[in-house]
Every structure is written in structure tokens, then in C-alpha cells.
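# A look at the structure
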Amino acid sequence: MSSTSRRSRSSDHHRRPGGARQVWRRLRAQRAALAGVAVIALLVLVALAAPLLAALEGQNPDAYHASAVDSALGGVPLGSFGGVSAHHWLGVEPGTGRDLFARLVYGARISLGIGVGATVVSVAIGVVVGLAAGLGNRFLDGLLSRTTDVMLALPTLVFSIALLAIVPAGFPRPVLLVLVLGLLGWGGTSRIVRAQTLTLKSLDYVAAARLGGAGRWRVARRELLPSLAAPVVTYAALLVPSNIASEAGLSFLGIGVKPPTPSWGQMLSSATTWYQADPTYVLLPAGAIFVTVLGFTVLGDGVRTALDPRAASRVGGLARRRKKAGS
């Protein structure tokens with residue numbers, strides 16, 4: 001076996017953060033990360049099972065219940081805690097009487113779908129642009145880097161409002177939000193991938209692949225992408241809650257998801273006029289957004305530690321020292 005091949009295999013061995021089992025073992029050692037996994041898994045299950053959960057309650061998210069609100073008081077829900085009853089587990093929406101539990105679980109589909117979909121779009125674009133900049137010549141690197149700087153400097157909220165305002169009303173709003181947030185949010189991923197690519201392409205195993213006749217995109221696919229997985233996955237886990245919060249903010253401003261389609265941001269927007277008469281209506285979507293953002297943020301930090309052997313080693317060493325001190 002040639003010395004170049006041995007160096008390539010040795011470098012390949014040291015560059016990999018560990019297999020899936022090893023990463024999962026490191027993730028399980030972090031209680032906060034496991035709590036984040038449990039919260040996200042529960043939210044995804046609720047979103048997928050929304051029709052079944054609404055059917056179990058016997059309600060439809062778009063059905064109006066005039067008898068559940070007091071028309072003399074402007075539509076305030078009848079009963080305690082926003083109209084909580086055996087028929088309406090979390091109460092009803094003020095003014096319309098629509099069931100809040102059904103709208104909340106269906107809203108999880110929209111909010112999570114937009115957050116994850118926009119993240120997939122922005123990460124895909126960012127990885128391609130970052131790799132092209134890191135592996136390209138000086139002119140291409142400069143052009144793509146300046147384009148990335150412009151995307152990062154853009155006032156995303158203002159441009160999102162402008163784009164959402166000019167698109168015809170017939171275009172599906174959730175799909176439009178995925179495209180707008182994804183196309184405006186790839187700059188951070190691109191910058192991270194470019195910086196990592198510039199570092200990795202000078203290592204021995206990449207040089208050995210090039211000497212072996214591999215082209216740029218083959219090197220990117222076979223040699224660089226596995227090593228880029230850790231920073232990209234970590235950043236993506238933190239980008240999902242950011243996109244969920246952005247969807248909520250745009251829907252809160254009235255330019256995101258339109259009623260009667262339920263989303264947490266749209267529900268929160270409608271709840272602002274009822275916060276005194278029915279505080280439950282405000283707390284439910286706000287609490288759902290807060291728990292989702294917190295769960296993804298904690299999971300993202302845990303994934304970063306699990307995929308970084310040095311960070312995982314520090315966590316493991318600290319745990320062992322605590323165990324010895326306790327015994």
C-alpha cells in the first residue's frame with residue numbers, strides 16, 4: 001500500500017466524528033438534548049396525527065359554534081378558561097367559537113412544515129453556494145462571497161413583507177412562506193460551508209483524492225460533505241426555530257398564513273384583541289411556539305456537542321469527574 005493511500009486512510013479515520021451509534025450515544029448522555037428530542041418527537045407526532053386527534057375530540061378546526069360564545073359581549077367564550085368543556089378540550093376561539101384544540105394541532109402541521117421546509121431550502125442553497133465558493137477559483141469565490149454578504153445584509157423582514165405582498169392571493173400561502181424564508185435565509189449556511197471547505201481542502205486526504213484524479217464535485221461529494229455534516233446539521237437545527245418564529249411574526253403582521261388555515265402565528269395575531277377577555281387564547285399559541293423554539297434550540301446545542309468529538313470528550317470527562325467526586 002502506498003504512503004499516500006495510508007495517509008489518506010489515516011486522515012479519513014481521524015476526520016470522521018463517529019458513526020451514527022456513537023453520535024446517538026453521545027446525545028443520550030445529555031439530558032437536556034434528550035428532553036429536546038422528546039419535545040420535538042411529540043410535536044411531530046401531534047402534527048402527523050392532527051386529523052385523528054381532532055376526530056377523537058369530535059371537532060373540526062373550521063367549524064363555527066355560535067352557541068359556545070356570548071354574542072351580547074362581542075363573542076367572548078361561554079364558561080371558564082375560554083370555554084373549556086368535554087366537547088372543547090382547550091376552549092373555543094372568541095368571536096367564531098371554533099375549537100381551539102383542533103386548530104392548535106392542525107396549526108402544528110403548518111408551523112412545523114414551514115419551519116422545516118424553509119430550512120431545507122436554505123440549507124440546500126447554502127451548501128451548494130458555499131462549496132462552489134470554497135472550491136472555485138478566485139473570481140468565483142469573490143463573486144459568491146459578495147453575494148452571500150449581500151444576502152446577510154438584507155433586511156429579511158422587509159423583503160419578506162414585500163415579496164408576500166406582491167404575490168397573487170391564489171398562490172398557496174404555506175408554500176410561498178417556505179420559498180420566501182428559504183430563498184432569503186441561506187447566507188449563514190453558505191458562509192459556514194465556505195469557511196469549512198477552505199480549511200478541509202488543504203488536508204491530506206483531500207489532496208490525495210485530487211492526486212488520484214477526482215474532480216472538484218467528486219471531492220466535494222465523497223470527501224468534504226461527510227466532514228461538513230456536523231456544522232451544517234447543527235446550524236440547521238438552530239435555523240428551524242428561527243424560521244418558525246419568522247412565520248409566526250409574518251402571520252402576526254397579517255401577511256403570512258391567512259384564515260381559516262390554522263397556524264400558531266395566525267392564531268396569535270387574532271388573539272391580540274382578546275388578551276384581556278380571554279387570556280387562554282393568547283397563551284396557547286404563544287406557549288406552543290415557545291416550547292417548539294426551545295426544543296429545537298436545545299437539540300441543536302446537543303447535536304453540536306455530539307458531532308464534535310472534542311466537545312463530547314469534555315462533556316464525558318466532566319461527567320466522569322462528577323461521578324468520582326460523588327462516590
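Here is what the cut-offs are and how they apply
- Residues numbered from 1 in each chain as written.
- Predicted model: local features only at pLDDT ≥ 70, side-chain atom pairs only at ≥ 80, totals over all residues.
- Heavy atoms only, no water.
- Helix = DSSP H or I, 4+ residues; strand = E, 2+ residues; numbered from the N terminus.
- Buried < 20%, exposed > 50% of the residue type's maximum accessible area, 1.4 Å probe, protein only.
- Contact = heavy atoms within 4.5 Å.
- Lys, Arg positive; Asp, Glu negative; His and termini not counted.
- Salt bridge = Lys/Arg side-chain N within 4 Å of Asp/Glu carboxyl O.
- Axes fitted to C-alpha atoms, helices over the stretch in contact; angles between N-to-C directions.
- Left-handed = near helix turned anticlockwise from the far one by under 90°.
- Nonpolar A, V, L, I, M, F, W, Y, C, P; charged D, E, K, R; others polar.
- Phe/Tyr/Trp six-rings, centres within 6.5 Å; stacked < 30°, edge-to-face > 60°.
- Expected span 1.5 Å × (residues − 1).
- Polar contact = N/O pair within 3.5 Å; in protein donor to acceptor, adjacent residues only side chain to side chain.
- pLDDT = per-residue confidence, 0-100.
- Patch = residues over 30% accessible without salt bridge, like charges linked within 9 Å, V, L, I, M, F, W, Y side chains within 5 Å.
- Areas by Shrake-Rupley, 256 points an atom, 1.4 Å probe, with all protein chains shown as cover.
- Core = buried A, V, L, I, M, F, W, Y, C linked by side-chain atoms within 4.5 Å.

## A short note on the environment of Ala 47
Following the sequence through the fold, Ala 47 ends up in helix α3 (residues 31-48). Residue Ala 47 is classed as buried on the basis of its relative accessible area, which comes to 8%. For the pair formed by Ala 47 and Val 105, sequence separation is 58 residues and the distance between their alpha carbons is 6.0 Å. Sequence-distant contacts of Ala 47, defined by excluding residues within four places in its chain, comprise Val 105, Ala 108, Arg 109 and Leu 112.

## Overview of the side chain of Glu 57
Within the secondary structure layout, Glu 57 lies in helix α4 (residues 50-57). This buried residue, Glu 57, is left without a salt bridge; Arg 103 holds the nearest opposite charge, at 11 Å. Dropping the residues within four chain positions of it, Glu 57 is found in contact with His 87, His 88, Trp 89, Asp 99, Phe 101 and Ala 102.

## Quick word on the packing of helix α5 (residues 100-135) against helix α9 (residues 187-200)
Between α5 and α9, the least distance of the axes is 7 Å, while the angle of their chain directions is 35 degrees. Considering the relative orientation of α5 and α9, their crossing is right-handed. On α9, the residues touching Ser 122, Val 123, Gly 126, Val 127, Val 129, Gly 130, Leu 131, Ala 133, Gly 134 and Leu 135 of α5 are Thr 189, Ser 190, Val 193, Arg 194, Thr 197 and Leu 198. Its residues assigned to classes, the contact of α5 with α9 comprises 8 nonpolar, 7 polar and 1 charged.

## Examining the packing of aromatic side chains
If you walk through the whole model with that rule in mind, you get 1 aromatic pair. Relative to Phe 101, the ring of Trp 89 lies with its centre 5.0 Å away and its plane at 55 degrees, an arrangement referred to as tilted. Here the residue Trp 89 occupies a position in the loop between β2 (76-77) and α5, and Phe 101 occupies one in helix α5, the gap between them amounting to 12 residues. Taking relative accessible area as the criterion, Phe 101 reaches 15% and is therefore assigned buried.

## Brief notes about α9
If you check α9, its first and last C-alpha atoms are 20 Å apart, about what 14 residues at 1.5 Å a residue would give, namely 20 Å. Where α9 is concerned, the buried positions are Gly 187, Gly 188, Thr 189, Ser 190, Val 193, Thr 197 and Leu 200. On the buried face of α9, the contacting elements are α5, α6 (138-153), α10 (204-211) and α11 (216-252).

## A closer look at the environment of Glu 93
Mapped onto the elements of the fold, Glu 93 is located in the loop between β2 and α5. Overall, Glu 93 belongs to the buried group, its relative accessible area being 2%. It is 9.2 Å that separates the C-alpha atoms of Glu 93 and Tyr 64, two residues lying 29 residues apart in sequence. In this structure Glu 93 touches Val 69, Arg 98, Leu 100, Arg 103 and Tyr 281, once residues within four positions along its chain are discounted. A polar side-chain atom of Glu 93 sits 2.5 Å from a polar atom in the side chain of Thr 96.

## Digging into the confidence of the model for the protein
Of the residues in the protein, 88% reach a pLDDT of 70 or more, and the chain-wide mean stands at 84. The secondary-structure element of the protein with the lowest mean pLDDT is helix α1 (residues 3-15), recorded at 44, while α4 shows the highest, at 95. Residue range residues 1-17 is modelled with pLDDT below 50. Its contacts to residues more than four positions away, or to other chains, number 19 contacts.

## Describing the pattern of salt bridges
The tally for this structure, following the rule as stated, stands at 7 salt bridges. The shortest N-O distance in the salt bridge between Arg 103 and Asp 62 comes to 3.6 Å. You can see Arg 103 sitting in helix α5 and its partner Asp 62 sitting in the loop between α4 and β1 (69-70), a full 41 residues away along the chain. When the shortest N-O distance is used, the salt bridge between Glu 93 and Arg 98 registers 2.7 Å. The pair formed by Glu 93 and Arg 98 is uniform in burial state, with each residue classed as buried. Look at the salt bridges and you will find they share partners, linking Asp 62, Glu 93, Arg 98 and Arg 103 into a network.

## Things to note about a nonpolar patch on the surface
There is a patch of nonpolar side chains on the surface, built from Leu 157, Ile 161, Phe 252 and Leu 253 and spanning about 350 Å² of accessible area. Tracing the chain through its elements places Leu 253 in the loop between α11 and α12 (264-271).

## Thoughts on the nonpolar core
Judged by nonpolar contacts, the single largest core of 28 residues is most densely connected at Leu 112, Trp 264, Met 267, Tyr 281 and Phe 296. Where this core is concerned, the elements lending two or more residues are α2 (20-28), α3, α5, α11, α12 and α13 (279-307). Among the elements that make up this core, the one with the highest residue count is α13 (8 residues). In terms of nonpolar packing, the next biggest core, distinct from the first, is built from 19 residues, Ala 133, Leu 177, Trp 186 and Val 257 among them.

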